[in-house]
Every structure is written in structure tokens, then in C-alpha cells.
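Topology and contacts: notes
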Amino acid sequence: MIRATLATISTLLALALPAAAADDFIAAPTLRASVTVTSDVVRVGDLIDNAGSAALIPVYRSPDLGTTGTLTVGQVLSVLRAKQVIGVMTGDIKEVQVTRLARTLASKDIENAVAAALERRFGLGDAANITITFDRSVAEMRLDASNSGALQPVATRFDARSGRFDIVFEIANDGNAAPTKLRFAGTAVETVEVAVLTRDIDRAELLKSSDLSLERRPKAEVAGEPASRDRSIGMQLRRGMRAGTPIRAADLVRPDFVVRDQAVTIIYQVPGLYLTTRGKAIESGAEGDTVSVLNLQSKRTLTGVVTGRGQVTVQGASQSAPMAPAVEQTSSVKRDNVPAAAALAQSLIQTPTAEIAQAQIPQVRLSQAPAKSE
């Protein structure tokens, strides 16, 4: 009877052993070659699979945020044995790499967040035009990976006179813990993009591409509308300026077509009459400007409009059609307008009566256009 009972127990044990062995194989703790963690400690469950109840036991301090540390297998097994974790399968692993995840904030990201918090507030404009300078150098910042929320300004102070700011941001935490707070202080200046002279420029010079560079300057330095680089090329300055000076739109003028003391052609044109004579500019002017000129034959001062390079059309001239530049003193009139043309020519070139004895009256060639046949 006893023998039969022992045989039965032996049989049952023999049947149970393979199943137990199989369970032990499946549940065997296995070492990991690469580990990532988000907290400040490394636990048994981070290092091995199938850690069971020992998974939450801390064994190492985590590497710094965003960095990776390396442990040899011998170091890991020694620490695990001290925590009563044995029988760990290592395979052919020689070392274990532990990486601590992190959220990285670049200095540019922080600058953009500060500018966005100040945008269109306190008299400032768009965030893209606000230049931020921190009191302390702000390098790349690394936060715990659980800080996944956006930078939300919760307290903003700004002094418009000095440009100083003091801003506190909050970042939400995935673990529902208290949000992370970041505080930054410095100065914020609104800037504008403006053309700046690369060398000293006189008023008479035409601006070339090489004379200009495009820079961002504080808006307070550019009173009025800033001039763009493209708009400035080919223009003249109202006054001479030194290198490094930002240019405003009000500083630019169209290039002078007539320069003071320059020889010019004086034109008078009305329907049926086109008269030109030589003259000298008394003042400079761009196209469309009104200037005074001296008729060199009559010595009379006339007022006209600059209509081309070295060309002035006296007031009262027809502006219905553009005029080709005149090259010599000439005139043409219709037959019916000869008396009027002669009187007009005399009024333009004749010397005043008091001066007749001192100067000879210059002659003007008048040519009659052939009459059209009916």
C-alpha cells in the first residue's frame, strides 16, 4: 500500500515538473541592453523584463536630463543581487546603456515665447519685430520629459521707457503634478528693417547697390518711414550723410535732372509753337520740380518745370504730349500764328528797354511752315 502511494506521488511529481520548468523559463528575468527612463531614478523593472514584485525597487540614480550613461553587465548583476534579484538572463550583452529622456528648449524658443507674450502690448508691434536680450545668457534648457505643455505666460511686467521685462511662464506636467515655472528678465526693443549707408555719401551722388546694406535698427532710431534697400537704389539724398546712418523715406529725393549753373535748354511750347533757346540753371531740380533759369540771350530769369535731363519747360507750356529734348535754338509756327509767335519770341528773349543801349538784341530764327493746301 505504501509502495503504491509513493509510486503515485512520484508519478504526479514527474508530470508536474515539466510544467513548472516551462513556467520558470517563461518568467525568467532578462536583462535589457538599452534602457530609457523619464524619472530621476532607475528601477529594477527598467533594467530587466519579468522583474515581478521587484520591478519598483530603485537601484541607480538616472543620468542627467537628455544624456546617456553606460553600465557593465557585472555592475548591473552585482546591484541586482544586493536587491535579492537573482537568476537574470544576460545572453551576450556586455553593457547596458541608460538614457534619460528630456524636453529641450532652445534659446530661440524662449526668445520667441517672450516676444509673443509682449506682442502688440505696451506699445510694441509684431513679435517678429521685437528683439529680446536676457539679463543672463540663456543657453539650451532641458526639462523633464513629463513637461510637455506649452510655455504659458502667467505674469508679465514691462516698462515702456526702459524696455525692461519680467515674465513668468508655466509648463503643464503630464503627471498632473504642479506645473513647472520659468522666469526670465531682460530688455525688449522693437526694431525695423532699414537701408543703412556703407560709406559717406554726398548729396549729388546717386545711391548704388554697394552703398547700401539692410539691417535691423531700433524703431526709435528711425523717425518716420524706413527706406527699403530696393527703393533707395538710384535715388539721391536730400543732404550728405555718413556711413552707418539709417535712411528714411523722407531722406530720399529723385535724382536731379538739372544742376545749378548747368547749361540747359529752355523750351516754350503752345499749340502751333515750339521754341527753344539756351539757358543756365539758377537752381537744381528733379523731374517735375519748378526751377528758375537764366535766358543767356535776353539775360531774363524765367521759371519753368524740369521735363528732362538738362531741359526746362517754361510755365504755360502744353503738357498734353511729351516733348523730345531740344538740341538747338529753333522755332516753328503756323502761318496764321506768325504775329503772335513773333510777339512771344520777343517777350522771351528781348532785353528790357533800359538795357538796349548796353546790349545788342539777339535775333531768333523764325521759320514759317508751308501752308497746307486745301
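Here's a quick rundown of the structure. (Residues numbered from 1 in each chain as written. Predicted model: local features only at pLDDT ≥ 70, side-chain atom pairs only at ≥ 80, totals over all residues. Heavy atoms only, no water.)

**Observations concerning the pattern of salt bridges**
With the rule as written, the count across this model stands at 22 salt bridges. With its nearest N and O atoms 2.9 Å apart, the salt bridge here joins Glu 205 to Arg 199. Taking the relative accessible area as the measure of exposure, Glu 205 reaches 25% and is therefore partly exposed. With its nearest N and O atoms 3.7 Å apart, the salt bridge here joins Asp 200 to Arg 242. Placement of the pair is Asp 200 in the loop between β13 (180-197) and β14 (212-218) and Arg 242 in the loop between β15 (236-237) and β16 (252-253), with a sequence separation of 42 residues. Under the relative-accessibility criterion, Arg 242 is labelled exposed at 61%. Through salt bridges with shared partners, a single network forms among Arg 199, Glu 205, Lys 208 and Asp 211. (Salt bridge = Lys/Arg side-chain N within 4 Å of Asp/Glu carboxyl O. Buried < 20%, exposed > 50% of the residue type's maximum accessible area, 1.4 Å probe, protein only. Helix = DSSP H or I, 4+ residues; strand = E, 2+ residues; numbered from the N terminus.)

**Describing unusual backbone geometry**
Unusually for a residue other than glycine, Gln 84 sits at a positive phi of about 65°. Along the polypeptide, Gln 84 turns up in the loop between α3 (73-82) and β7 (95-100). Given a relative accessible area of 68%, Gln 84 falls into the exposed group. The backbone phi angle of Lys 299 is positive, close to 65°, even though this residue is not glycine. Relative to the helices and strands, Lys 299 resides in the loop between β21 (290-295) and β22 (301-308).

**Some thoughts on the nonpolar core**
The biggest cluster of nonpolar side chains holds 22 residues, and the ones touching the most others in it are Val 114, Leu 118, Ile 132, Phe 134, Phe 165 and Phe 184. Those elements giving two or more residues to this core turn out to be α4 (107-118), β9 (130-134), β12 (164-171) and β13. Per-element tally for this core: the top contributor is α4, with six residues. Counting residues in hydrophobic clusters, the runner-up holds 20 residues, among them Val 37, Val 42, Ile 48 and Ala 54. (Core = buried A, V, L, I, M, F, W, Y, C linked by side-chain atoms within 4.5 Å.)

**Considering the pairing of β21**
For β21, a buried count of five out of six residues is recorded, marking the element as mostly surrounded by other parts of the structure. In this structure, strand β19 (residues 273-281) lies alongside β21, joined through three bridges in antiparallel fashion. When the bridges of β21 are listed, Lys 280 appears paired with Leu 294. The pairing of β21 with β22 spans five bridges and is classified as antiparallel. For Ser 292, the partnering residue across the bridge sits in β22 and is Thr 303. (Pairing = 2+ DSSP bridges.)

**What to know about the packing of aromatic side chains**
For the structure on display, the rule yields four aromatic pairs. Judged by centre distance (5.4 Å) and plane angle (40°), the rings of Phe 122 and Phe 158 are tilted. Of this pair, Phe 122 sits in the loop between α4 and β9 while Phe 158 sits in strand β11 (residues 152-159), and the two are 36 residues apart along the sequence. Exposure remark for Phe 158: the relative accessible area of 15% places this residue in the buried category. Among the aromatic residues, ring-to-ring pairing joins Phe 134, Phe 165, Phe 169 and Phe 184 into one connected group. (Phe/Tyr/Trp six-rings, centres within 6.5 Å; stacked < 30°, edge-to-face > 60°.)

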